[in-house]
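Listed below, chain by chain, are the residues.
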Amino acid sequence: MAYVAIKGGGQAIEGSKAVLEYLRTRQGECAQPLQADTIQNQLRLLHGRVLSEGGVYHPRLASLAIKQAQGDSLEAAFILRAYRSTVPRLAETDLLDTRNMRITRRISSAFKDIPGGQMLGATTDYHLRLMRMELLNESPERFRAVSGEWFKDLNVDEIPDTFPKVLQQLRRDGLLAPLDEQRAQQTPFDITREPMIFPVPRSAALATLARGEQGSLLAIAYSNMRGYGDVHPTVAELRVGYLPVFLPHPITGKPMEIGEVELTECEVVAMYEADEEGGKPLFTLGYGACFGHNEVKAISMAILDRSLQNGVQHGPGNPSEDPEFVLLHVDGIESMGFCTHYKMPHYVTFQSDMDRLRATQAKQSQEQGE
Amino acid sequence: MSNLSREEWVSALSAVPEQSLARLTERFPRSWKVTPKALPQSGLGMLKLRETTLGDAFYLGEFPLATCWLRVTTERGEQAEGCALVMDDRVERAEHMALCDAVLAARLPGWEEVAALIEEGIELRARQSRERKAILARTRVDFSLLDDVGDEDA
């Protein structure tokens, strides 16, 4: 069996590109092209999703990718991921610590009183999901007035720059294992440069989940929530904010802030258990983090982190505890690529399928005739 | 100028409008000789994070990175080195910042304008910080209000 080159599709393909561009622009004479800043601000959650699944915190190009992909988040993440493969890597940060995050939202479902307090920030959690019909005909004047009046009469002097972690108190109370300083010194697995051959270290799992596709993470985490697993998480802390990124100043050698990334981080406390040496029972933990504001993804990741740790420790008892199953199926670019490849010509393989079916039918007819 | 360390200059300059920075560097004398100390580059940096449950290090993802390290020699023979690493993919932006870094570090002619631009950046960053804190201040949960009616579901 051999594949054959297809001729004659070139014009159709060019035409298809033109149609795509036509549909993007056909709104009419009064239409305005989408600006990158508009996408970043008014579609900020979609934008964050593409940043995270693309694996590169490049807000301007993420906006461009969304525009170019006409809002398809998988396609946009693919474009961003393709971009990253064309540029060299120049540096790697030292270990960054999310305790330094400049918070915009911070909640806990474990305690109501957490050090620094709970701040809801921007959330749709308490919305009734009723249509805001007034947005259909929003005037530019009213639109601009909202942010213009926002700072009025707000005293922010008592708000600190950073907030402590909720887990710190549980650790002090002896309910969690102490942080192992040695673990942070291990070189993390780089999924962008090394193929995953199982078993893989936890750093490979976290990196894979961090740029995994939101829906995939949610689906597998949901299977665990509903009963195919027993993580039973409590969100110790969910925080959204901006993490300053540091690299050494080439002349002074001291850390310099080169920019910041928006990220969402979730720490879940799960079922307690004793260690294998029969030590004191302690709560187990799961961790999730991703670029942009994406809480469903961060929570799902934290649940999957915990379920994968379960699987590694005790052997997988369900799909969400199986590292190979989870980590090889959550990447949006890979899964979308496999899915969409079925649209490509399979003329020869299908011809072969038909030949075999006809042969089988003929053989059956012959046997029945005998 | 505010008591800002050299390592904080790029952060402040990143906050000012790009045109302001470009216009400032265009005003530096053309007679200055600017030579690269290292090849200006544009690419990616990898963000290494310490997760906070068990303390493992892992790679969260990448970010754009432009770098520039240059030496400035004035017509009077004064020399200064400047450099910049910035989360951006445009080398010229890193070059502008590296020039400002050199000028301010060595107090070359025009350093006061660089200092003033950094002051502007500091103010813009402070404004951004106030905006974020306003988000928190406006949405702080006051659980004490729930005590009167019982807080079992709080």
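Above: the structure in question.
Now for a description of the structure that goes with this document.

About the thresholds
- Residues numbered from 1 in each chain as written.
- Chains lettered and ligands numbered in written order.
- Predicted model: local features only at pLDDT ≥ 70, side-chain atom pairs only at ≥ 80, totals over all residues.
- Heavy atoms only, no water.
- Helix = DSSP H or I, 4+ residues; strand = E, 2+ residues; numbered from the N terminus.
- Buried < 20%, exposed > 50% of the residue type's maximum accessible area, 1.4 Å probe, protein only.
- Contact = heavy atoms within 4.5 Å.
- Areas by Shrake-Rupley, 256 points an atom, 1.4 Å probe, with all protein chains shown as cover.
- Salt bridge = Lys/Arg side-chain N within 4 Å of Asp/Glu carboxyl O.
- Nonpolar A, V, L, I, M, F, W, Y, C, P; charged D, E, K, R; others polar.
- Pairing = 2+ DSSP bridges.
- Polar contact = N/O pair within 3.5 Å; in protein donor to acceptor, adjacent residues only side chain to side chain.
- Phe/Tyr/Trp six-rings, centres within 6.5 Å; stacked < 30°, edge-to-face > 60°.
- Lys NZ or Arg CZ within 6 Å of the ring centre and 35° of its normal.

On a plain count of helices and strands, chain A comes out with 13 helices and 6 strands. Based on the C-alpha atoms only, the size of chain A along its principal axes is roughly 85 × 70 × 55 Å. By residue count, 39% of the 370 residues in chain A fall in the buried class. Of all intrachain contacts in chain A linking residues separated by at least 6 positions in sequence, the fraction that spans at least 24 positions is 65%. Of the roughly 21600 Å² that chain A leaves accessible, carbon and sulfur atoms contribute 55%.

Looking now at the interface of chain A and chain B. Contacts between chain A and chain B engage 86 residues on the former and 60 residues on the latter. The interface formed by chain A and chain B contains 11 salt bridges. A salt bridge links Arg84 of chain A to Glu62 of chain B; its shortest N-O distance comes to 2.3 Å. Among the elements that take part in the side of chain A that touches chain B, strand β5 (residues 255–273) of chain A stands out by supplying 10 residues, more than any other. Taken together, the residues of the side of chain A that touches chain B break down into 45 nonpolar, 18 polar and 23 charged. Relative to strand β1 (residues 33–50) of chain B, strand β1 (residues 89–92) of chain A is paired through 3 bridges, and the arrangement is parallel. Paired with Ala91 of chain A across the bridge in β1 of chain B is Gly45 of chain B.

What follows deals with the environment of Tyr57 of chain A. Inspection of the secondary structure assignment puts Tyr57 of chain A in the loop between α3 (44–54) and α4 (59–68). The residues contacting Tyr57 of chain A, other than those within four sequence positions of it, are Leu51, Glu260, Val261, Glu262 and Phe291 of chain A together with Glu62, Phe63, Pro64 and Met87 of chain B. From its side chain, Tyr57 of chain A meets the backbone nitrogen of Glu262 of chain A in a polar contact 3.0 Å long.

If you walk through the whole model with that rule in mind, you get 5 aromatic pairs over all chains. Ring centres of Tyr272 of chain A and Phe283 of chain A lie 6.4 Å apart, and the angle between their planes is 70°; this geometry places the pair in the edge-to-face category. Of this pair, Tyr272 of chain A sits in strand β5 while Phe283 of chain A is found in strand β6 (residues 282–291), placing the two residues 11 residues apart along the sequence. Directly above the aromatic system of Tyr242 of chain A lies the positively charged group of Arg132 of chain B, at a separation of 3.7 Å from the ring centroid.

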